[in-house]
Amino acid sequence: MANGSAGQNGVTQVPSHSDGIPAALPAKTSAQKNVVKYLPSEYYQSFLSLVAKERKPSPIRSLFPLEATPGLISLLAGKPNATTFPLTSLQFTARSPTDPSQDISIKVTDEQLAEALQYGATSGNPSLVNWVYGLQEFSHGRKKGEGWRISIGSGSQDLIYKAVNAMVNPGDSVLVESPVYAGVIPMFQTLHCDQIEVATDSNGISSASLREILESWPSSKPKPKVLYTVPYGCNPTGMTATLERRKEVLALSREHDFIILEDDPYYYLYYGDAARPPSYFALELEEPEAGRVLRFDSLSKILSAGIRIGFVSGPDVLVQAMDSHTATANLQVSGLTQILTSSLLNQWGYEAFKIHTESVSSFYRKKRDVFEGALKRHLDGLAEWSTPEAGMFVWFKLLLSSNASSSDEGDSEAIIKTKAFEKGVLALPGTVFLPNGRKTAYVRASFSLLEEGDVDEAVRRLREAILEARSE
Ligand code: PMP
């Protein structure tokens, strides 16, 4: 059977090689092969928040596994009797990645449906979890085993929130790349965290800025426990961190003892010309000890955003703490979306998944080209940007003064919300991505949805707004 293909019962076999691993992943020496040292579980105690330490395992859910004991009669769980549920079968169609003109029919077996309709494991449906283990080996060279594990979430947002809750105490200092995904700012703000902004540029997060922050850290103040970063096609900057930067950030996490929250929903939307740099999750295999990366994946941009499936991969203790949160907050992710996802992915297998994600990323590459073409046509001399190599965003600076040496960069919010809106175009003012909300001349534009004609017209309208602002 081909590696990563669907096996008997539609369950995908875990690939025995790692086709999906980026070309830039440093080759291991034979002595290193399969010998990954992990940080011991005691290491993580100081990383757990007070809330996480207070949480006790769910008395019911922790006994669930015992129900599988042969011969046992269980009076344990308050599970509804499934014979009363009206849903009797689930069958759907999906596009074939190898032949997009064809739909393939996918049938969820009665057994799988019954499992999906009942309460299930906190960390996720076993068939989906198993598929994700295989994917992490296929894409990042991480073998299932000691030291790390997986949990499924309702999108990666759910899991990031739970990770922050499991690790960060009110008032803590946290490291965030800046500008940063606006969806995490409130997580830290509501905990009254001191958000320490690490600079970014066209090579992604600046390891020099990170080093400077950490090396001048006052000895009287506890050092940050986490660094939040989006390494590919960052939201909002569109930038992808280079291999060199990644290695330096990993080395700093070792020197200064912090966990990297690798939020990576755009990993499979990489369309750069050069080989894709490895993820932090893959790169840390080259570290003396692995276990400083908590990785968040999302299926939102490659399967469906509404299906709400994301997964976290990382140190046992931390993922366990997040599961304890789930056991208190929402018990589990919807069984139906999990079985839908797992049936589709198991039927596809890893090679077909790869083909699908490659077609999604080349779709966005074309969108990027169209958008950049319009920027060049209409905003030459009126805006500055770096070309994104992944994702769906362009981050550009409005040149609001014709005087290039002017120190006043301006405020994109004032232009976007008034002049641009009046001319019939909307984008996101950069200020929403700055933890301290300061004014900025930057704007984020999303190019995922528009057709060529609308892109051209939108950017032309922006040009008019900038010209009007300049003339005042
Ligand atoms: N992180 C980043 C950087 C994002 O851009 C998004 C989606 N906008 C998310 C997390 C949340 O994604 P999900 O749909 O998986 O919850």
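Residues numbered from 1 in each chain as written. Predicted model: local features only at pLDDT ≥ 70, side-chain atom pairs only at ≥ 80, totals over all residues.

The protein chain has the name Aminotransferase class I/classII large domain-containing protein in an unreviewed UniProt entry, where Jaapia argillacea MUCL 33604 is given as its organism. Under the Cofactor (unreviewed entry) heading, UniProt states for the protein chain: "pyridoxal 5'-phosphate". (UniProt positions renumbered as here; feature names shortened; annotations may be inferred.)

Chemist: An account of the overall build of the protein chain is requested, with residue identities and associated values reported.
Modeler: Scanning the protein chain from terminus to terminus reveals 12 helices and 14 strands. Taking 472 residues into account, the globule formula puts the C-alpha radius of gyration at 23 Å, and the protein chain, at 24 Å, falls close to it. On the principal axes, the C-alpha backbone points of the protein chain span a range of 80 × 60 × 50 Å. Scored against the burial criterion, the 472 residues of the protein chain give a buried share of 46%. In the protein chain, once contacts between residues fewer than 6 apart in sequence are set aside, the share between residues at least 24 apart is 74%. (Helix = DSSP H or I, 4+ residues; strand = E, 2+ residues; numbered from the N terminus. Rg over C-alpha atoms; globule rule 2.2 N^0.38 Å. Buried ≥ 20, exposed ≤ 12 C-beta atoms within 10 Å, placed from the backbone. Contact = placed C-beta atoms within 7 Å.)

Chemist: Quick rundown of unusual backbone geometry? Include the residues and the values.
Modeler: The residue after serine 178, namely proline 179, is reached through a cis peptide bond having omega 0°. As for its position among the elements, proline 179 is in the loop between strand E4 (173–178) and helix H5 (185–189). Residue asparagine 235 is joined to proline 236 through a cis peptide bond whose omega torsion reads 25°. By secondary structure assignment, the location of proline 236 is in the loop between strand E7 (226–229) and helix H7 (243–256). You will see that arginine 308, though not glycine, has its phi angle at about 55°, which is positive. C-beta crowding within 10 Å serves as the criterion here: with 21 such atoms nearby, arginine 308 is assigned to the buried category.

Chemist: Before we move on, can you summarise the site of the ligand with the specific residues and values?
Modeler: Around the ligand sit 13 residues, and of these Gly155, Ser156, Gln157, Ser298 and Ser300 come closest. The element contributing the most residues to the shell around the ligand is helix H4 (residues 155–167), with 3 residues. Considered class by class, the residues forming the shell around the ligand number 4 nonpolar, 8 polar and 1 charged. (Near = placed C-beta within 6 Å. Nonpolar A, V, L, I, M, F, W, Y, C, P; charged D, E, K, R; others polar.)

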